[in-house]
Amino acid sequence: MITWSYSFLLAGEGGYVRYEQRAYARVKFLELMAELYENEFEDFFHRLMCSRYPDFLDVRTAGSLGDMSADGLTLHSRKLYACYAPQTVKPSKIRKKFDGDLTGALAKRSGQFDTFVFVHNDRRGVHPEVTTMLSEAAASKPDLHFEQMGSRRLWHECMQLDQVTAEDVLRCEIPIKEMTFGIGMDDLEPLLKQLQELRTSSDPLMPLPDVRIEKLDFNRLEGEAREDLLRGMRQAHLVDAFYAGNMRELEHDEVAQGFRVYYEQVRRHWDDPEDVLWQLQMYVLGNAQPRPKVLRAALVVLAHFFGRCDIFEAPPTGWQPGIGISA
């Protein structure tokens, strides 16, 4: 198995940031998500999006005009953002807010956006009422795209900030010191728990799922790192089962996006594929020494997203080990 130790990695385009700093920033972000409501949440959202996107317009209220049913607009991607961050979530009020913002945006900002994004502060994920409203709106207005933006997607944006900007957005100093974190992504904790409960011993003769084994060769994954992923592939179907169902599919996509963002950052500054895999393990588990069965569960998760091509590179068509792309 891969040896665990302290390390550092890049955050955004700034300088190097220790793993512990990123994990500390995650803790502070979650604290904010638990504390910010209404206007304070909207202020945080504006700080974050203005830091990430030069074309983001943080719409403010203006007298009798109000905000014309938009809490933010992006000029190039043509997205309109509507924030909803109440202290107490009630399904009837969610629908009233969603319908009111969408109707107002269509009336007051027709032609200014192609995608309507419902932004919320629910740390537990996407409320069932939100998924229903998004589905209904997409069916009734096929010319528009609809998205939601909750804590996972907000954190994915934070992940791409450099340290100085992240400190400004999170309103805290990110200290440089060694710390131990026993879990990397708390969103993955229920999945890891279930994998530990359901996972059975791998049958060495069990056929591998439909995964391009040459991807392992293309990414130079050899030795124990390769064996770890191959063992994980034999159990990767358990991850699909965990995310099965309409309510879980959105969560699955958001978790996959988090892996893609993190992988793209890691691979810029780690040349050895084994080191990249090690960094991804810390993304799942933190930097504390995990118990063996927890590590095995994490490798199943990584094998799943490896098979989906969310992490590591897919070989181009015609590529063969030692030959390259065939003519």
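Here, every reference points to the structure presented above.
Position numbers for residues start from 1 in each chain and track the written sequence from start to end. With the structure being a predicted model, the display of local features is reserved for residues of pLDDT at least 70 and the display and counting of side-chain atom pairs for 80 or more, all residues being used for whole-chain, interface and lining totals. Note that the side-chain values use all heavy atoms of the structure and ignore hydrogens as well as water.

### Some thoughts on the pattern of salt bridges
Thought 1: Any Lys or Arg side-chain nitrogen found within 4 Å of a carboxyl oxygen on Asp or Glu counts as a salt bridge. Tallying each qualifying case throughout the model produces 17 salt bridges.
Thought 2: Two residues, Lys 97 and Asp 101, come together in a salt bridge whose shortest N-O distance is 3.1 Å. Placement of both Lys 97 and Asp 101 in helix 3 (residues 91–108) is noted, with a separation of 4 residues, approximately one turn of the helix.
Thought 3: Exposure categories follow from relative accessible area, calculated using a 1.4 Å probe and restricted to protein chains: below 20% of the type maximum is buried, above 50% is exposed, and the middle band is partly exposed. For Asp 101, a relative accessible area of 12% gives the class buried.
Thought 4: Between Glu 251 and Arg 152 there is a salt bridge; the shortest N-O distance is 3.4 Å. Taken together, the residues Glu 251 in helix 11 (residues 246–269) and Arg 152 in helix 5 (residues 151–159) connect sequence positions 99 residues apart. For the residue pair Glu 251 and Arg 152, the accessibility class agrees, reading buried in each case.
Thought 5: Overlapping salt bridges bring together Lys 79, Glu 147 and Arg 153 as one network. Helix and strand assignments come from DSSP, with helices taken as H or I runs of at least 4 residues and strands as E runs of at least 2, each series counted from the N terminus.

### Considerations on the environment of Glu 264
Thought 1: Mapped onto the fold, Glu 264 is located in helix 11.
Thought 2: Residue Glu 264 is classed as partly exposed on the basis of its relative accessible area of 33%.
Thought 3: Between the C-alpha atoms of Glu 264 and Phe 312, which are 48 residues apart in sequence, the distance is 8.7 Å.
Thought 4: Side chain to side chain, Glu 264 and Arg 267 meet in a polar contact 2.9 Å long. Polar contacts, as counted here, are pairs of nitrogen or oxygen atoms within 3.5 Å of one another; within protein the pair requires one atom able to donate a hydrogen and one able to accept it, and residues that are adjacent in sequence qualify only if both atoms are side-chain atoms.

### Some remarks on unusual backbone geometry
Thought 1: Here Arg 171, not a glycine, exhibits a phi torsion of approximately 60 degrees, which is positive.
Thought 2: Inspection of the secondary structure puts Arg 171 in the loop between helix 6 (163–170) and helix 7 (189–198).
Thought 3: When its relative accessible area of 54% is taken as the criterion, Arg 171 is described as exposed.
Thought 4: One non-glycine residue with positive phi stands out, namely Phe 312, at about 65 degrees.
Thought 5: With respect to the helices, strands and loops of the structure, Phe 312 is situated in the loop between helix 13 (292–307) and strand 8 (319–320).

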